[in-house]
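# Report on the structure
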There are 2 protein chains.
Amino acid sequence: MNWLDLYVELKPDLAFVENELERSLQTDRGLLGEAAAHLLKAGGKRVRPALVLVSGRFGRYSLERLAPVAVALELIHMGSLVHDDVIDDADVRRGRLTVKSKWDNRVAMYTGDYIFAKALMTIAELDNPDIHRILSRAMVQMCLGEMEQIRHFFETGQTVRDYLKRIRRKTALLIAVSCQLGALAADAPPPVAARLYRYGYNIGMAFQIRDDILDITGTEERLGKPPGSDIRQGNITLPYIYSLQDETRRGRMLALIRGLRDGEGEDGAAELLRLVRESGGIRRAESLSARYVEKAREALGGLPDVPARRWLSDISLFLANRDH
Amino acid sequence: MNWLDLYVELKPDLAFVENELERSLQTDRGLLGEAAAHLLKAGGKRVRPALVLVSGRFGRYSLERLAPVAVALELIHMGSLVHDDVIDDADVRRGRLTVKSKWDNRVAMYTGDYIFAKALMTIAELDNPDIHRILSRAMVQMCLGEMEQIRHFFETGQTVRDYLKRIRRKTALLIAVSCQLGALAADAPPPVAARLYRYGYNIGMAFQIRDDILDITGTEERLGKPPGSDIRQGNITLPYIYSLQDETRRGRMLALIRGLRDGEGEDGAAELLRLVRESGGIRRAESLSARYVEKAREALGGLPDVPARRWLSDISLFLANRDH
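Residues numbered from 1 in each chain as written. Chains lettered and ligands numbered in written order. Predicted model: local features only at pLDDT ≥ 70, side-chain atom pairs only at ≥ 80, totals over all residues. Heavy atoms only, no water.

### Quick word on the overall build of chain A
Along the backbone of chain A there are 16 helices and 2 strands. On C-alpha atoms alone, chain A measures out to a radius of gyration of 20 Å, which is about the 20 Å that the 2.2 N^0.38 rule sets for 324 residues. Across its three principal axes, chain A shows a C-alpha extent of roughly 55 × 50 × 35 Å. Look at the contacts in chain A between residues 6 or more apart in sequence, and 75% of them connect residues 24 or more apart. Per element, the accessible surface of chain A, about 12,900 Å² overall, is 47% carbon and sulfur. (Helix = DSSP H or I, 4+ residues; strand = E, 2+ residues; numbered from the N terminus. Rg over C-alpha atoms; globule rule 2.2 N^0.38 Å. Contact = heavy atoms within 4.5 Å. Areas by Shrake-Rupley, 256 points an atom, 1.4 Å probe, with all protein chains shown as cover.)

### Overview of the relation of the copies chain B and chain A
Of the transformation placing chain B onto chain A, the axial shift is 0.0 Å and the rotation is 180 degrees, giving an RMSD of 0.0 Å. Expressed as an axis order, the relation between the two copies is that of a two-fold axis. Comparing contact sets, 100% of the residues at the interface of chain B also lie at the interface in chain A, consistent with an isologous, same-surface contact. (Least-squares fit on C-alpha atoms with pLDDT ≥ 70 in both.)

### Some points on the interface of chain B and chain A
Contacts between the two partners involve 36 residues from chain B and, on the opposite side, 36 residues from chain A. Here chain B meets chain A over a buried area of about 3,800 Å², counting both sides, of which 76% is carbon and sulfur. Together, B:Arg106, B:Tyr110 and B:Met147 form the three largest contributors to the area buried by chain B at its contact with chain A, with a combined 19%. The interface formed by chain B and chain A includes 4 salt bridges. Its salt-bridge partner being B:Arg137, residue A:Glu125 comes within 3.4 Å of it at the nearest N-O pair. (Buried area = accessible area lost by both parts, 1.4 Å probe. Salt bridge = Lys/Arg side-chain N within 4 Å of Asp/Glu carboxyl O.)

### With respect to the side chain of A:His38
Within the secondary structure layout, A:His38 lies in helix α2 (residues 30-42). In this view, A:His38 contacts A:Arg96, A:Leu97, A:Val99, A:Lys102 and A:Trp103; residues no more than four positions away in its chain are not counted.

### Topic: the confidence of the model for chain A
Residues and elements named next belong to chain A. Overall, the predicted model of chain A reaches an average pLDDT of 88, with 93% of residues at or above 70. No element of chain A has a lower mean pLDDT than strand β1 (residues 92-93), which averages 67, and none a higher one than helix α12 (residues 238-244), which averages 97. Across the interface, the model reports ipTM at 0.78; the global pTM reads 0.84. (pLDDT = per-residue confidence, 0-100.)

### Section: the nonpolar core
Counting 230 residues, the largest nonpolar core has A:Leu135, A:Tyr199, B:Leu135, B:Tyr199 and B:Ile209 as the members making the most contacts within it. The residues touching A:Leu135, leaving out its near neighbours within four places in the chain, are A:Ala72, A:Leu73, A:Ile76, A:Ile123, A:Leu174, A:Val177 and A:Leu181. (Core = buried A, V, L, I, M, F, W, Y, C linked by side-chain atoms within 4.5 Å. Buried < 20%, exposed > 50% of the residue type's maximum accessible area, 1.4 Å probe, protein only.)

### Topic: unusual backbone geometry
Negative phi values dominate among residues other than glycine, just as trans dominates among peptide bonds. With a phi close to 55 degrees, A:Arg46 is a non-glycine residue in the positive phi region. Here A:Arg46 falls in the buried class, since its relative accessible area comes to 6%. Not every positive phi belongs to a glycine, and B:Phe154 is a case in point at roughly 60 degrees. Looking at where B:Phe154 falls in the secondary structure, it is placed in the loop between α7 (129-151) and α8 (160-185).

### Here's the deal with helix α16 (residues 307-321) of chain A
Since the α-helix packs 3.6 residues into each turn, any two residues three or four apart lie on the same face. Residue and element names in this part refer to chain A. With 15 residues, α16 extends 22 Å from end C-alpha to end C-alpha; this agrees with the ideal 21 Å at 1.5 Å per step. Of all the positions in α16, only Ala308, Trp311, Leu312, Ser313, Ile315, Ser316, Phe318, Leu319 and Ala320 are classed as buried. Packing partners of the buried residues in α16 comprise α3 (47-56), α9 (190-217) and α15 (281-301). (Expected span 1.5 Å × (residues − 1).)

### Notes on the side chain of A:Glu148
All names here are of chain A. When you line up the elements, Glu148 lands in helix α7 (residues 129-151). Exposure remark for Glu148: the relative accessible area of 9% places this residue in the buried category. Every residue in contact with Glu148, bar those within four places of it in the chain, is listed here: Lys165, Arg166 and Arg169.

### What to know about the packing of α15(A) against α16(A)
Residue and element names in this part refer to chain A. Orientation of α15 relative to α16, taken along the N-to-C sense of each, is 175 degrees, at an axis distance of 10 Å. Between α15 and α16, the angle is such that the two are roughly antiparallel. Residues Val293, Arg297, Leu300 and Gly301 of α15 touch α16, and the partners they reach there are Arg309, Leu312, Ser313, Ser316, Leu317 and Ala320. (Axes fitted to C-alpha atoms, helices over the stretch in contact; angles between N-to-C directions. Parallel < 35°, antiparallel > 145°, perpendicular 65-115°, else oblique.)

### Comments concerning the environment of A:Ile131
Residues and elements named next belong to chain A. By the element assignment, Ile131 lies in helix α7. According to the relative accessible area criterion, Ile131 is buried, its value standing at 2%. A sequence separation of 27 residues divides Ile131 from Gln158, and the C-alpha atoms of the two residues are 34 Å apart. Excluding anything up to four places from it in sequence, Ile131 contacts Val69, Leu126, Leu181 and Ala185.

### Here's the deal with the packing of aromatic side chains
Inspection of every chain in the model, using the stated rule, returns 0 aromatic pairs over all chains. Over the face of the ring belonging to A:Tyr61 we find A:Arg57, whose NZ or CZ atom lies 4.6 Å from the ring centre. (Phe/Tyr/Trp six-rings, centres within 6.5 Å; stacked < 30°, edge-to-face > 60°. Lys NZ or Arg CZ within 6 Å of the ring centre and 35° of its normal.)

### A short note on helix α6 (residues 105-124) of chain A
Here α6(A) spans 28 Å end to end across 20 residues, near enough to the 28 Å set by a 1.5 Å rise per residue. Summarising burial for α6(A): 18 of the 20 residues are buried, a large majority.

### Remarks on the environment of A:Asp104
Positionally, A:Asp104 belongs in the loop between α5 (99-102) and α6. Of the residues examined, A:Asp104 reaches a relative accessible area of 25% and is grouped as partly exposed.

### Focus on the pattern of salt bridges
Using the criterion set out here, one finds 32 salt bridges over all chains in the structure. With a shortest N-O distance of 2.7 Å, A:Arg249 and A:Asp246 are connected by a salt bridge. Judged by relative accessible area, which is 16%, A:Arg249 ranks as buried. Note that B:Arg60 is salt-bridged to B:Asp187, the shortest N-O span being 3.0 Å. Taken together, the positions of B:Arg60 in the loop between α3 (47-56) and α4 (63-88) and B:Asp187 in the loop between α8 and α9 (190-217) put the pair 127 residues apart, joining distant regions of the chain. Judged by its relative accessible area of 59%, B:Arg60 is exposed. Among the charged side chains, a network of salt bridges with common partners joins A:Glu125, B:Asp130, B:Arg133 and B:Arg137.

### Describing a positive patch on the surface
Residues and elements named next belong to chain A. The grouping of Arg151, Arg161, Lys165 and Arg168 at the surface amounts to a positive patch. Considering each element in turn, the positive patch owes the most residues, 3 residues, to helix α8 (residues 160-185). Tracing the chain through its elements places Arg151 in helix α7. Given the relative accessible area of 48%, Arg151 is considered partly exposed. (Patch = residues over 30% accessible without salt bridge, like charges linked within 9 Å, V, L, I, M, F, W, Y side chains within 5 Å. Lys, Arg positive; Asp, Glu negative; His and termini not counted. Charge placed at Lys NZ, Arg CZ, Asp CG, Glu CD.)

Here's what the structure looks like:
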């Protein structure tokens, strides 16, 4: 099931945003246009645009004002994915070849830059300096998060705290900002925007933890990419950190991670996946994710009782329990 | 001689901008901060900030309003250099190791993204939607220019027109915009801003052609990187395009370029450099560069006769004749 089917009422407006997204990337021909079209066709959950639109319901809802915010956020997300695929040396995402794989790293670099620049153009049309400021800060934080991820590659000494700090910047912040900006663009009262930010932050954390769990427990068919991608590139996520705390597994896991780091084949990844799946690491990560969902739902508690509040509640459950 | 010594009067204000530039990148610690500091220390001609400040003299000059524009433009330029070094596989720039060489491509990618995001933050503080719009469009065009460059790598059938179209986007536009935004930020009259844009566009074209000539005629000591970098990576610049029109050299040059493309060693590059140096290609490229400088000086003709006009005239001559 497509998660958007949950929200029949959002459908026409999300379709409008999708159209605007296409339009913003279709103005130029050549390789960049092709690469961008390829990305659009790969689709995605469009979580950020959906959150912008739903959050806009807490103010004076205007699709005209919300759509550019939704488009800008999705473009920033798309641009960062293209750059991540270079870093991750990823060949497949969402069941399709990545830009870096279909073309090369150079094309992926400039396609990412181009999409970021298009995001700016979209924001520039908004004439709202607050939105601009909030978004540019979020982008700086995202870059810091990505760099922290690189710095921690194959770093088996990292703590849960290191991990949380990283995913906060890398993922949760942009999702928080999606909710906040939807509210601001619709002139919702500041305390409402602040609560929506808090909701978004917490579902963002839950979302990324869930993503990192799925990379271990998912199937290639479901994920659209082979499981174990994280550990193969050295990204030690929450379930691994928890499992490394288990003394009966720790020694073997450290050896396997060292092996991966030193390029000693793929077998290590399969055994690591098995070790983590059998450990309590998955369960503990799931329980932390559930705590974030709970906090997100608490943040909703203080919001006016409009239908959008229920939708946000449904979204939080969906994201936390999704299997792809 | 440092070209900035020409403009004693600009010095304190440029020093202020340099300081702001450092400040904007120094807020964060870790790898990104280090990479950014490394870049700042490598210096640069700071052409774009200088043009912003001089152009601001045609309106109500205010360092406070001009500095963020100057910083944003230099940041965009720096970010694009970091990404170019990945594409170009460059190890040295301005006599220092590049970020991708000192660290790796992944660090260079996110350092570039981070610097772009910092540029946005700087622009966001400006509250001037026109500036924002103009800059974001220029960034889109820069990306398109970079992609055209990649698409044309080792493409010996390209025309002078292809080359000019590419450097317009890749270089000239951001320089044009530096002049235009300096004028706009100082509330200069629109026709003055338009003339400054035209001036900047033409010196930008001359600047890039000169750069491409220097890559052939310069020495490693002067350039801060080995000559022939362009052709080794497949970037067929104006002097090569002209030389390829010379039937006595064409056959040999085509064979050598094919050899470089197929990775058959560095010897080909040295012979290509010699062939182009001996041909009329350099002279013809110099003459086209001179025509752009002339057009730039014509654009200055219609501007009020303030000292800044003479400075711009000096800058145009300096950029066109520089040997590094």
